[in-house]
Amino acid sequence: MSPAVDSATYLDRYAHSVMGVFGRPKAVLTRGEGCYVWDADGKRYLDLLAGIAVNVLGHGHPDVVDAVCKQAGSLIHVSNFFATPPQIELAERLLAVAGAPDGSAVFFGNSGTEAIEAAIKLSRRTGRTALVAAEASFHGRTTGALALTHKHAYREPFAPLIPSVTHVPLNDERALRAAVTEDVAALFLEPIQGEAGVVAADAAYLQLARELTTATGTLLILDEVQTGVGRTGTWFAFQQAGIVPDAITVAKGLGGGVPIGALLTFGPTVSGLLTAGQHGSTFGGNPLATAAGLAVLDAIDRDGLLAHATSVGNHLADSVAALGHPLISGVRGVGLLRAIVLSADVAAIVADRALTAGFIINAPTPDALRFAPPLIVTVAQVDEFVAALPQLLNGLGVAS
Ligand SMILES: *Cc1c(COP(=O)(O)O)cnc(C)c1O
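Note that the structure is predicted; figures quoted are calculated from it, not measured. (Residues numbered from 1 in each chain as written. Predicted model: local features only at pLDDT ≥ 70, side-chain atom pairs only at ≥ 80, totals over all residues. Heavy atoms only, no water.)

Participant: Hey, could you go over the pairing of strand 7 (residues 184–189) for me, with residue numbers and the actual values?
Facilitator: Burial analysis of strand 7 places six of its six residues in the buried class, the great majority of the element. Two strands pair when backbone bridges link them, and strand 5 (residues 130–134) and strand 7 are joined in this way by three bridges, in the parallel orientation. By the bridge assignment for strand 7, Ala130 is matched with Val184. Relative to strand 10 (residues 219–223), strand 7 runs parallel, the two sharing four bridges. Each residue of the ladder has a partner; that of Phe188, found in strand 10, is Ile221. (Buried < 20%, exposed > 50% of the residue type's maximum accessible area, 1.4 Å probe, protein only. Helix = DSSP H or I, 4+ residues; strand = E, 2+ residues; numbered from the N terminus. Pairing = 2+ DSSP bridges.)

Participant: Break down the site of the ligand for me, citing the residues and quoting the values.
Facilitator: In the vicinity of the ligand, the contacting residues are Ser111, Gly112, Thr113, Phe138, His139, Gly140, Glu190, Asp223, Val225, Gln226 and Lys252. A distance of 3.3 Å separates a nitrogen atom of the ligand from a polar backbone atom of Phe138. Here Lys252 contributes a side-chain N or O atom positioned 2.6 Å from an oxygen atom of the ligand. When its residues are assigned to classes, the shell around the ligand shows two nonpolar, six polar and three charged. (Near = heavy atom within 4 Å. Polar contact = N/O pair within 3.5 Å; in protein donor to acceptor, adjacent residues only side chain to side chain. Nonpolar A, V, L, I, M, F, W, Y, C, P; charged D, E, K, R; others polar.)

Participant: Now, about the side chain of His139: what can you tell me, with residues and values included?
Facilitator: Relative to the assigned elements, His139 resides in the loop between strand 5 and helix 6 (143–148). His139 gets classed as buried once you look at its relative accessible area, which sits at 3%. Within the structure, the side chain of His139 is placed 2.8 Å from the side chain of Asp223, a separation counted as a polar contact. In this structure, His139 is in contact with Thr113, Ile116, Ala133, Ala145, Leu148, Thr149, Phe188, Leu189, Glu190 and Asp223, ignoring residues within four places of it in sequence. (Contact = heavy atoms within 4.5 Å.)

Participant: Would you mind going over the layout of surface pockets in detail, with residue names and values included?
Facilitator: Its boundaries defined by the atoms lining it, the second largest pocket holds a volume of some 280 Å³. Asn80, Phe82, Gln87, Ile88, Ala91, Ala105, Val106, Phe107, Phe108, Gly280, Ser281 and Gly284 together form the lining of the second largest pocket. Listed by contribution, the elements that provide at least two residues to the lining of the second largest pocket are helix 4 (85–97) and strand 4 (105–109). Considering every element that reaches the lining of the second largest pocket, the biggest residue donor is strand 4, with four residues. Here the lining of the second largest pocket is composed, by residue class, of seven nonpolar, five polar and no charged. (1 Å grid on protein atoms, 1.4 Å probe; cavity = no way out; pocket = protein on both sides within 12 Å on 5 of 7 lines; lining within 4 Å. Points joined across faces, edges and corners; volume = space filled by probe spheres on them.)

Participant: An account of the pattern of salt bridges is requested, with residue identities and associated values reported.
Facilitator: Proximity of charged atoms lets side chains of opposite charge pair with each other. With the rule as written, the count across this model stands at seven salt bridges. Two residues, Arg302 and Asp63, come together in a salt bridge whose shortest N-O distance is 2.9 Å. Of the two residues, Arg302 sits in helix 11 (residues 287–302) while Asp63 sits in helix 3 (residues 62–74), which places them 239 residues apart along the sequence. As a salt-bridge pair, Asp298 and Arg93 come within 2.5 Å of each other at their nearest N and O atoms. One end of the pair, Asp298, is in helix 11; the other, Arg93, is in helix 4, and 205 residues separate them in sequence. On the accessibility criterion, Arg93 (22% relative accessible area) is partly exposed. Each of the salt bridges in this network shares a partner with another, and the network as a whole consists of Asp63, Arg302 and Asp303. (Salt bridge = Lys/Arg side-chain N within 4 Å of Asp/Glu carboxyl O.)

Interpretation note: all reported values are geometric properties and have no functional meaning in isolation.
Quick look at the structure:
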């Protein structure tokens, strides 16, 4: 059976209808099941990127499909003039898995960048305006979040952005001590910088960040948009550093592919900073998205996917190291948020070759291949990719 419309035709139509901000798509996908997706020409791919750390239960997971279908049949949307049971239940479940103290609260939006916007507004309620973030950080593309995002190419065309943001080199304790003063409203950090090529903040650095922010009355806001919802083997990455932040932002994996974002504020003081009328969203927390989120949290819990993420992630790191390939200089990251680090700037070529060979990964930086598969990925699927890796690297130059 030949597909009615092939990929080339679709891509031509895309080029004439969809805004060009994403460049040319790598493929046109029509179907998914588990860790596999298929393109419009019928070619199958092993999805080791999961829509950028989003599809934590893979594609077509029966729990998510059931939850979304059932909810769509009863209520999809009501506005925030009204509450719904899935919204309330997801808020309670998120606070529980985050270990949030009494008096904590959740604000729901629709994306990571919206969670960051809410956090920026929260920080303004401290009466201070200065913000500190890390170099190489990524916090989103709306104009507030963009002021925190470090990459100049993303920022410069849209200047001026909100002022008073200082970027400090990650894991530089001296720079952090100098930057976090009593003028600073909030310090924003990613526990692991995904877009920077999976670069972790050291636990000691996060602990220092907690100490300095507490001492100066600065909010410590951890951006867990990429690291949250089990990706690093715990519900949230901050839980591995032994600290409690003032707030976290969550999105990507939370809805299993359905758009949802959340700001979690810890304790009554921080949770009371934004009061009635000071923030809002039409769609945020709607019953469809929150029902999907509940299905995701339930499945992670029931199927032991936190421990699975840790063990399969360690297996990937060990197997890649065991290749002893001259072009591979190491593996970064934790759980199922990993980068295979190359000793030459050929990651984009390798990612393209991988796609041709039927594997979806990406190259967030010139020397890093990001691996952020569904949390249900099997050891056998990881082994398939690792077995193919030497071939994908074949003939590519080693840095001098
Ligand atoms: C993806 C990402 C964002 C932005 O999320 P969107 O849903 O694309 O707006 C923010 N912070 C981090 C750490 C991210 O990885």
